[in-house]
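# Secondary and tertiary structure notes
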Amino acid sequence: MLEFCLDTGDFEMVKTASSIYPVNCFSMNPSIAVNCLKGTGKSFVQNALDIRGVIGEETPFFLEAMGDTAEELVEDAKAMVKAVPGNTFVKIPACPEGFKAIRELKDAGIATSCTAVYTFNQAMLAAMAGASYVAVYVSRLDKNGGDGIEVVRRIKQAFVAHNIDCVVSAASLKTPLSLQEAIEAGADNVTVDLEMLEALAVHPMTEGTLKTFKSDWEGLFGEGVRIVDMVA
């Protein structure tokens, strides 16, 4: 099942997006959290709990552990799932200490998403360590001379070929076209924000078509008349 993952720490954005669009998971990274919480006086944990209250206990929620060592990452991860209960996944970075932490958390029954993945090999190590998700930073790869979509494609192909049970997430997507290409490349999960969702939802030809339909309808049946008005 394809997942649209809203990547934000903005509580109001979560409420708006989840009330309109088929968003089925939520996430934030440390930079997003800081940008959303700066000047609010609200703690990271309290904000996460507020979001959890809106999205419900069963919805996947991806929150990042902080730490330089595997021990610190594991400690943070355990504190995270205790503080923010429900279907919470802990984001762990793609690095040697991160892979070690993923293995330990897998043994502890804590689900993880390996984040900041830039290469095929990082994704393979993360999946074999026990990560449930690998998040490929597509646009950051593109900006540094790589091909983010091709990395997504190759990871997905390898997971399928070797029957590896791990979700490929295309993160850091900046345009509707890159999102489309990520899905076509086999991404199971794509990250979006409200601006992206709004861009996906509209097209000027749709707006023009609807205006024509309304004009034709009201030309015969009268302004403001709807089906409900015709039913006794």
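Residues numbered from 1 in each chain as written. Predicted model: local features only at pLDDT ≥ 70, side-chain atom pairs only at ≥ 80, totals over all residues. Heavy atoms only, no water.

The name recorded for the chain in an unreviewed UniProt entry is Transaldolase family protein, from Paratractidigestivibacter faecalis.

With that out of the way, let us pick up the packing of helix 6 (residues 120-129) against helix 8 (residues 148-161). For the pair helix 6 and helix 8, interaxial distance at closest approach is 9 Å and the crossing angle is 40 degrees. Handedness of the helix 6/helix 8 crossing: right-handed. Between helix 6 and helix 8, the contacting residues are Phe120, Ala123, Met124 and Ala127 on the first element and Val151, Arg154, Ile155, Ala158 and Phe159 on the second. When the residues that make up the contact of helix 6 with helix 8 are grouped by side-chain class, the tally is eight nonpolar, no polar and one charged. (Axes fitted to C-alpha atoms, helices over the stretch in contact; angles between N-to-C directions. Helix = DSSP H or I, 4+ residues; strand = E, 2+ residues; numbered from the N terminus. Left-handed = near helix turned anticlockwise from the far one by under 90°. Contact = heavy atoms within 4.5 Å. Nonpolar A, V, L, I, M, F, W, Y, C, P; charged D, E, K, R; others polar.)

The tally for this structure, following the rule as stated, stands at five aromatic pairs. The interplanar angle of 80 degrees and the centroid separation of 5.3 Å between the aromatic rings of Phe89 and Tyr133 together place this pair among those described as edge-to-face. In this pair, Phe89 sits in strand 4 (residues 88-93) while Tyr133 sits in strand 6 (residues 133-137), placing the two residues 44 residues apart along the sequence. For the residue pair Phe89 and Tyr133, the accessibility class agrees, reading buried in each case. Ring-pair connections join several aromatic residues into one group, and the members of that group are Phe62, Phe89 and Tyr133. (Phe/Tyr/Trp six-rings, centres within 6.5 Å; stacked < 30°, edge-to-face > 60°. Buried < 20%, exposed > 50% of the residue type's maximum accessible area, 1.4 Å probe, protein only.)

Here we come to the pattern of salt bridges. In the structure shown here, the tally under the stated rule is seven salt bridges. For Lys15, the salt bridge goes to Glu12, with nearest N and O atoms at 3.5 Å. Taken as a pair, Lys15 and Glu12 lie in helix 1 (residues 11-20) at a separation of three residues, close to a single helical turn. Through salt bridges with shared partners, one network takes in Glu150, Arg153 and Arg154. (Salt bridge = Lys/Arg side-chain N within 4 Å of Asp/Glu carboxyl O.)

To continue, consider a negative patch on the surface. Side chains of Asp68, Glu72, Glu75 and Glu97 sit close together on the surface and give a patch of like negative charge. Structurally, Glu97 can be placed in helix 5 (residues 96-107). Among the residues examined, Glu97 registers a relative accessible area of 30% and is labelled partly exposed. (Patch = residues over 30% accessible without salt bridge, like charges linked within 9 Å, V, L, I, M, F, W, Y side chains within 5 Å. Areas by Shrake-Rupley, 256 points an atom, 1.4 Å probe, with all protein chains shown as cover. Lys, Arg positive; Asp, Glu negative; His and termini not counted. Charge placed at Lys NZ, Arg CZ, Asp CG, Glu CD.)

Our focus in this paragraph is the packing of helix 1 against helix 3 (residues 44-55). Orientation of helix 1 relative to helix 3, taken along the N-to-C sense of each, is 10 degrees, at an axis distance of 10 Å. Judged by the inter-axis angle, helix 1 sits roughly parallel to helix 3. In this structure, helix 1 meets helix 3 at a crossing whose hand is right-handed. Along its contact with helix 1, which presents Phe11, Val14, Lys15 and Ser18, the element helix 3 presents Asn47, Asp50, Ile51, Val54 and Ile55. Its residues placed into classes, the contact of helix 1 with helix 3 shows five nonpolar, two polar and two charged. (Parallel < 35°, antiparallel > 145°, perpendicular 65-115°, else oblique.)

Next up on the list: the nonpolar core. Ranked by size, the top nonpolar core spans 62 residues in total, and within it Phe61, Cys114, Val134, Ile155 and Phe159 carry the most contacts. Of all the elements, helix 8 adds the most residues to this core, at six residues. What Phe61 contacts, discounting residues up to four positions off in sequence, is Phe26, Ser27, Met28, Ala48, Ile51, Arg52, Ile55, Val84, Asn87, Thr88 and Phe89. Judged by nonpolar contacts, the second largest core, of five residues, contains Cys5, Cys25, Phe62 and Phe89. (Core = buried A, V, L, I, M, F, W, Y, C linked by side-chain atoms within 4.5 Å.)

Another point: the pairing of strand 6. Counting buried residues along strand 6, five of its five residues qualify, which places the element largely inside the surrounding structure. The parallel pair strand 5 (residues 112-117) and strand 6 is bridged by helix 6, and the resulting crossover is right-handed. Two elements, strand 6 and strand 7 (residues 167-171), share five bridges in a ladder whose sense is parallel. The residue of strand 7 that forms the bridge with Ala135 is Ser169. (Right-handed = clockwise from strand over helix to strand, strands pointing away. Pairing = 2+ DSSP bridges.)

Tracing the sequence through the fold places Thr69 in the loop between strand 3 (61-64) and helix 4 (70-83). Assessed through its relative accessible area of 29%, Thr69 is described here as partly exposed. Here the alpha-carbon distance between Thr69 and Phe44, two residues 25 residues apart in the chain, equals 21 Å. A polar side-chain atom of Thr69 sits 3.1 Å from the main-chain amide nitrogen of Glu72. (Polar contact = N/O pair within 3.5 Å; in protein donor to acceptor, adjacent residues only side chain to side chain.)

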